[in-house]
Amino acid sequence: MSEQTEELDRLATEALASDEKLQQLIDSLAGSSRRERQTAAAALALVAHHDIDKVIPYHAELVDALNRPEAQTRWECLDILTQIVPQDSRVCDKALPGAEPALFDEKNGPVRLAAMRFMCKLGATTEARSERIWPFIDEGIQCCHGDLEYQDMLSAVVEFSQGKLSKDVKEQLANRVRFDAEIGRGWLKRKSQAVLDNVK
């Protein structure tokens, strides 16, 4: 186990046991040190993995952290917000303005992937949200089709296709993946076909 991993585990354990330590991590998300922001975000992701209820009250700070310049802080916070969606999707609506530029961040694949996962999770919750978020997912599918992260992105789209989508979104989603389902190979064909099956 590396020193960094040990430090993150220690910080997360302390935050799980102490509201004061948790607040310190939250405060660090808005600090002046890039390294401290990244460390805090990574530790908070561990906290969220163990007990998502601990971080839900700090959703506004997590949303605000999507405006930080460094990639890791943004993708860790997007991952946490994705976990919050099933618990309290309403608070996650405010993250959309920060998730949109993350989805089209040309310099960082993990940020794009985290944004796609977040949008797919949130967009699957209601028909109204599916219609509002689908244009971003649609553009993301087109822009990221050849990226290394696209296989994982498509997995998120498969999950999206299982959600509460409007009829119009289902039709547009089917049209978007039909070519890959018919002509694609391997995982691209299988996952695209899964999407088609889900929206029938």
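Summarised in this report is the structure supplied together with it. Everything numeric in this text was worked out from a predicted model, so none of it was measured.

**Overview of the packing of helix α8 (residues 109–123) against helix α10 (residues 150–161)**
Then step 1. Running from amino to carboxyl end, α8 crosses α10 at an angle of 5°, the nearest separation of the two axes being 8 Å. For the element pair α8 / α10, the angle class is roughly parallel. On α10, the residues touching Arg 112, Leu 113, Met 116, Arg 117, Cys 120, Lys 121 and Gly 123 of α8 are Asp 152, Met 153, Ala 156, Val 157, Glu 159 and Phe 160.
Then step 2. Here the contact of α8 with α10 is built from residues that sort into 7 nonpolar, 1 polar and 5 charged.

**Observations concerning the packing of helix α9 (residues 127–143) against helix α11 (residues 167–183)**
Then step 1. The N-to-C vectors of α9 and α11 enclose an angle of 5°; their axes lie 10 Å apart at closest approach. Taken together, the axis directions place α9 and α11 in an arrangement best described as roughly parallel. On α11, the residues that touch Ser 130, Glu 131, Trp 134, Asp 138, Ile 141 and Gln 142 of α9 are Val 169, Gln 172, Leu 173 and Arg 176.
Then step 2. Of the residues assigned to the contact of α9 with α11, the class counts are 4 nonpolar, 3 polar and 3 charged.

**Here we look at the packing of aromatic side chains**
Then step 1. The final tally for this structure, using the stated rule, is 2 aromatic pairs.
Then step 2. Relative to Phe 160, the ring of Trp 134 has its centre 6.4 Å away and its plane inclined at 5°; by these criteria the two rings are stacked. Placement of the pair is Trp 134 in helix α9 and Phe 160 in helix α10, with a sequence separation of 26 residues.
Then step 3. With a relative accessible area of 0%, Phe 160 lands in the buried category.
Then step 4. Ring geometry for Tyr 150 and Trp 187: centres 6.2 Å apart, planes at 50°, overall tilted.

Basis of the calculations
- Residues numbered from 1 in each chain as written.
- Predicted model: local features only at pLDDT ≥ 70, side-chain atom pairs only at ≥ 80, totals over all residues.
- Heavy atoms only, no water.
- Axes fitted to C-alpha atoms, helices over the stretch in contact; angles between N-to-C directions.
- Helix = DSSP H or I, 4+ residues; strand = E, 2+ residues; numbered from the N terminus.
- Parallel < 35°, antiparallel > 145°, perpendicular 65-115°, else oblique.
- Contact = heavy atoms within 4.5 Å.
- Nonpolar A, V, L, I, M, F, W, Y, C, P; charged D, E, K, R; others polar.
- Phe/Tyr/Trp six-rings, centres within 6.5 Å; stacked < 30°, edge-to-face > 60°.
- Buried < 20%, exposed > 50% of the residue type's maximum accessible area, 1.4 Å probe, protein only.

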